[in-house]
Amino acid sequence: MQTLYVELGDRRYPIFIGSQLNVTEQLVPYIKGKQVMIVTNTTVAPLYLEHYSNAFKRIGKTVKQCILPDGEKYKNIEYLNLIFDALLQENFNRDCTVVALGGGVIGDMAGFAAASFQRGVYFVQIPTTLLSQVDSSVGGKTGINHSLGKNMIGAFKQPQAVFADMSQLKSLPPRELSAGLSEVIKYALLGDVDFLIWLEAHIDDLVQGDEQKLAEAVYRSCAHKAKIVANDEKEKGERALLNLGHTFGHAIESYLGYGEWLHGEAVAVGMLMAADLSCQIGWLSQQDVIRVETLLKRAKLPIRYPSIPLEQFLSYMAHDKKVLEGQLRLILLKSLGQAVITADFDTEKMNQAILNYQIQG
Ligand SMILES: NC(=O)c1ccc[n+]([C@@H]2O[C@H](COP(=O)([O-])OP(=O)(O)OC[C@H]3O[C@@H](n4cnc5c(N)ncnc54)[C@H](O)[C@@H]3O)[C@@H](O)[C@H]2O)c1
Ligand SMILES: [Zn+2]
């Protein structure tokens, strides 16, 4: 087991990463108060709820649960309210812990509930998807969707601890695992060429679900995100680099309708477009772009997207939050392992990069 600390002063917290982690020894000390509300969903509950619930009960906690339906479409105010209903019906007081047991949807909803119930109670994350282990459980962003925009309502809420157990990834559908690998590859591309080389050597093991390798990949990914978050918690600067591939990816997700493609899949193609544009600018070589494409392919991620009219693609990109005072800024690669945020690129070249990855015919 490895432990990584997110350095946020007096809100510093550990991320435990490993396989078959010991709940009683490692996690229980971070469960504050007597009352524990485990928030999970109908898919994860039958797999892992009892394991955690029993461990908390054994040390004398009062454990209740709130089991939400499974899906991004329930990440809204109506279903968030079910968490508040459960907390209030069970007479939870301010000195309680909300535990998120599930993927990013559950983490975001439970985190927001913990941030706002009685103006804030204790929060612990048990991320059960690769994406939530390497991304959503680190950094403290929580929230829900509004019918007019994704993740538009939320709060920053740092947990007491994060507990990332690789053995729980066994039950994850392979497509979800690959979508998580897309974010893992993102960290390598934006900030760590050694990690990229490591991924090239071990990507097949990761796809196969090798727990030791997954733990290493999660550790290195979280270390990256934790470092960036510690420097720039509220996304005033450096944290924006974490959006490599995301402005392009969001256009694909929006056009296809959220749900058709997984987020990580759209980001994979988006990262390729960013690499392609970086190549046209002269920062990356053709060989570098092929390296990125090959790695994504080996991670069982898509590398082409169904044809979307360019004007529409651009209009979705313009809605992205990285547009500052009307100017589109993109995260591009100065070299493999070094990302920059820039508005200084030729629009024609950007359009070309978008068109280069359309499925032909
Ligand atoms: N807060 C942040 O910083 C941040 C960052 C990235 C993404 N997000 C959010 O995270 C969400 C996406 O997260 P996700 O990719 O984890 O999706 P998800 O939570 O929908 O999980 C994907 C699917 O896997 C299932 N599942 C979860 N764990 C499982 C397991 N161990 N075995 C079998 N099935 C399992 C889920 O029930 C779901 O069907 C989005 O809502 C996104 O906005 C937040
Ligand atoms: Zn992402």
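Scoring rules and cut-offs
- Residues numbered from 1 in each chain as written.
- Chains lettered and ligands numbered in written order.
- Predicted model: local features only at pLDDT ≥ 70, side-chain atom pairs only at ≥ 80, totals over all residues.
- Heavy atoms only, no water.
- Near = heavy atom within 4 Å.
- Polar contact = N/O pair within 3.5 Å; in protein donor to acceptor, adjacent residues only side chain to side chain.
- Helix = DSSP H or I, 4+ residues; strand = E, 2+ residues; numbered from the N terminus.
- Nonpolar A, V, L, I, M, F, W, Y, C, P; charged D, E, K, R; others polar.
- Phe/Tyr/Trp six-rings, centres within 6.5 Å; stacked < 30°, edge-to-face > 60°.
- Buried < 20%, exposed > 50% of the residue type's maximum accessible area, 1.4 Å probe, protein only.
- Lys NZ or Arg CZ within 6 Å of the ring centre and 35° of its normal.
- Donors = N, O, S within 2.8 Å, 3.2 Å for Na, K, Ca; no water.
- Expected span 1.5 Å × (residues − 1).
- Arc of directions from axis to C-beta.
- Contact = heavy atoms within 4.5 Å.

Enquirer: Looking at this structure, I do not really get the site of ligand 1. What am I missing?
Expert: Taken together, the neighbourhood of ligand 1 is formed by 25 residues, with Asp 70, Glu 72, Thr 128, Thr 129 and Ser 171 sitting nearest. Within the side chain of Thr 129, a nitrogen or oxygen atom sits 2.6 Å from an oxygen atom of ligand 1. One nitrogen or oxygen atom from the main chain of Lys 141 is found 2.8 Å from a nitrogen atom belonging to ligand 1. Elements with a minimum of two residues in the shell around ligand 1: helix H2 (45-58), helix H4 (104-116), helix H5 (130-136) and strand E8 (149-156). Taken together, the residues of the shell around ligand 1 sort by class into six nonpolar, ten polar and nine charged.

Enquirer: I would appreciate a short explanation of the packing of aromatic side chains in the present structure.
Expert: Evaluation of the coordinates by the stated rule reveals eight aromatic pairs. Measuring from ring centre to ring centre gives 6.2 Å for Tyr 52 and Phe 163, while their planes differ by 85°; the resulting arrangement is edge-to-face. Here Tyr 52 is found in helix H2, whereas its partner Phe 163 is found in strand E9 (residues 161-165), with 111 residues between them in sequence. The pair Tyr 52 / Phe 163 is uniform in exposure class, with both members buried. Clustering of aromatic rings is evident, with ring pairs tying together Phe 16, Tyr 30, Tyr 52, Phe 56 and Phe 163. Positioned above the aromatic ring of Tyr 187 is the side chain of Lys 186, whose terminal nitrogen or guanidinium carbon lies 5.0 Å from the ring centre.

Enquirer: I tried to follow the coordination of the zinc ion (ligand 2) on my own but got confused; where do I start?
Expert: Each donor-metal-donor angle would ideally measure 109.5 degrees in four-coordinate tetrahedral geometry, or 90 or 180 degrees in six-coordinate octahedral geometry. The coordination sphere of the zinc ion (ligand 2) contains the protein donors Glu 183 (OE), His 246 (NE2) and His 263 (NE2), at a distance range of 2.0 to 2.1 Å. Between the donor residues of the zinc ion (ligand 2), the gaps in sequence give the motif E-x62-H-x16-H. In this pair, Glu 183 is assigned in helix H6 (residues 174-191) and His 263 in helix H10 (residues 263-281), connecting sequence segments 80 residues apart.

Enquirer: Explain helix H3 (residues 77-89) to me, please; I cannot follow it from the model alone.
Expert: Note that an α-helix has 3.6 residues per turn; residues three or four places apart therefore point the same way. The end-to-end C-alpha distance of H3 is 18 Å, a good match for the 18 Å that 13 residues give at a rise of 1.5 Å each. Among the residues of H3, those classed as buried are Tyr 79, Leu 80, Ile 83, Phe 84, Ala 86 and Leu 87. Taken end-on, H3 shows its buried residues confined to a sector of 165°, consistent with a single buried face. Exposed side of H3, more than 90 degrees from the buried face: Ile 77, Glu 78, Leu 88 and Gln 89 are the residues found there. Of the surrounding elements, those touching the buried residues of H3 are strand E3 (35-41), strand E4 (62-68), strand E5 (96-102), H4 and strand E7 (141-146). N-capping of H3 is provided by Asn 76, with a side-chain oxygen placed 3.2 Å from the backbone N of Glu 78. Following H3 by one or two positions, Asn 91 adopts a phi angle in the positive range, close to 55°.

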